[in-house]
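Structure at a glance
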Amino acid sequence: MLQSGKHVADVAYYIGEDTPKMTGTCKPELPAGYDFDYINPEVIEKHLTVKNGRFVLPDGMSYRLLVLPESATMRPAVLAKIGQLVAAGGAVLGAPPTRSPSLENFPAADEEVKTLAAEIWKNPNVMTGMNLTQAFERLGVTPDVVVPTDVLWKHRSDGETDIYFLSNQRSSARTETISFRTSDRTPEL
């Protein structure tokens, strides 16, 4: 069941350009009821597009929000691509970078980062100075699942089918009320 379809996640946390790094941190902290993936600069530059306000990858994965790391650096090419994605309707949360992490084209690259950031951060799709709960409220994104804290979950989508895997972390059976963002569907157990 957990191998069917695609993982459903609202957030793509950009891991930045520090090396070697395969994952990042979840800052700001992800509120309960939402899920995430990490995304790297190569994927952003070469594969990420925006469709209907969602960041989309060629394999069908999509995200409502791109979260930038707490870093003052970003290469101009990555920042320029993020600017294109924002102009196409993608939503970004994070502070603007102020310089390039690379010495390539130094010092012109630092000036290019400052210029690009100043233009991109004028767009209302770019949010800063707020947590993810506030960003989701602004975007109108409700939690994917509302469950007690000791119930783990994963959501996958396979065509027209939404699959929610729930795992009771208590050692005893229980009855709970659980809410799903998915609507217009008949649940099956």
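Before reading on, note that the structure itself is shown above.
Residues numbered from 1 in each chain as written. Predicted model: local features only at pLDDT ≥ 70, side-chain atom pairs only at ≥ 80, totals over all residues. Heavy atoms only, no water.

**A short note on the sheet that holds strand β6 (residues 62-63)**
- With antiparallel pairing, three strands are arranged side by side in an open sheet as β4-β5-β6. In this open sheet, the two edge strands, each paired with only one partner strand, are β4 (49-51) and β6.
- Sheet analysis places β4 next to strand β5 (residues 54-56), joined by three bridges and oriented antiparallel. Paired with Lys-51 across the bridge in β5 is Arg-54. (Pairing = 2+ DSSP bridges. Helix = DSSP H or I, 4+ residues; strand = E, 2+ residues; numbered from the N terminus.)

**Notes on the nonpolar core**
- One finds Tyr-14, Ile-44, Phe-55, Leu-66, Leu-68, Ile-82 and Val-92 to be the most contacted residues of the largest nonpolar core, which totals 25 residues.
- Those elements that provide at least two residues to this core are β2 (11-14), α2 (76-87) and α3 (108-120).
- Ranked by residue count, the leading element in this core is α2, at five residues.
- Apart from the residues within four sequence positions on either side, Leu-66 is in contact with Ala-12, Tyr-14, Ile-39, Ile-44, Phe-55, Ile-82, Ala-91, Val-92 and Leu-93.
- Membership of the second largest hydrophobic core comes to 13 residues, among which are Val-11, Tyr-34, Ala-91 and Met-127. (Core = buried A, V, L, I, M, F, W, Y, C linked by side-chain atoms within 4.5 Å. Buried < 20%, exposed > 50% of the residue type's maximum accessible area, 1.4 Å probe, protein only. Contact = heavy atoms within 4.5 Å.)

**Some thoughts on the pattern of salt bridges**
- In total, this model carries eleven salt bridges according to the counting rule given.
- Arg-75 is the salt-bridge partner of Glu-17, the closest N and O atoms lying 2.3 Å from each other. On the criterion of sequence distance, the pair formed by Glu-17 in the loop between β2 and β3 (36-39) and Arg-75 in the loop between β7 (65-67) and α2 is long-range, its members being 58 residues apart.
- Taking relative accessible area as the criterion, Arg-75 reaches 25% and is therefore assigned partly exposed.
- A salt bridge links Glu-176 to Arg-174, with the shortest nitrogen-to-oxygen separation between them at 3.1 Å.
- Each of Asp-150, Arg-170, Arg-174 and Glu-176 takes part in one network of salt bridges that share partners. (Salt bridge = Lys/Arg side-chain N within 4 Å of Asp/Glu carboxyl O.)

**Brief notes about the pairing of strand β11 (residues 151-158)**
- As judged from the two bridges shared by strand β1 (residues 6-7) and β11, these two strands associate in the antiparallel manner. Residue pairing across strands places His-7 opposite Arg-156, the latter belonging to β11.
- Note: β11 against strand β12 (residues 161-168), eight bridges, orientation antiparallel. Each residue of the ladder has a partner; that of Asp-158, found in β12, is Thr-161.

**What to know about the side chain of Lys-81**
- With respect to the helices and strands, Lys-81 occurs in helix α2.
- In this structure, Lys-81 is in contact with Ile-44, Glu-45 and Leu-48, ignoring residues within four places of it in sequence.

**Here's the deal with the packing of α2 against α3**
- Running from N to C, α2 and α3 point in directions that differ by 15°, and their axes come no closer than 9 Å. Judged by the angle between their axes, α2 and α3 are roughly parallel. Between α2 and α3 lies a crossing whose hand is left-handed. Contacts between α2 and α3 involve Pro-76, Leu-79, Ala-80, Gly-83 and Val-86 from the former and Ala-109, Glu-112, Val-113, Leu-116, Ala-117 and Ile-120 from the latter.
- For the contact of α2 with α3, the per-class residue count stands at nine nonpolar, one polar and one charged. (Axes fitted to C-alpha atoms, helices over the stretch in contact; angles between N-to-C directions. Parallel < 35°, antiparallel > 145°, perpendicular 65-115°, else oblique. Left-handed = near helix turned anticlockwise from the far one by under 90°. Nonpolar A, V, L, I, M, F, W, Y, C, P; charged D, E, K, R; others polar.)

**A look at the sheet that holds β2**
- Taken together, five strands build an open sheet; the order of strands is β3-β2-β7-β8-β9 and the sheet is parallel. What marks the edges here is a single partner per strand, and that holds for β3 and β9 (126-127).
- Sheet topology places β2 next to β7; three bridges connect them, and they run parallel. Paired with Val-11 across the bridge in β7 is Leu-65.
- In the packing of helix α4 (residues 132-139) onto the sheet, the strands contacted are β2, β7, β8 (91-93) and β9, and the crossing angle to β7 comes to about 155°.

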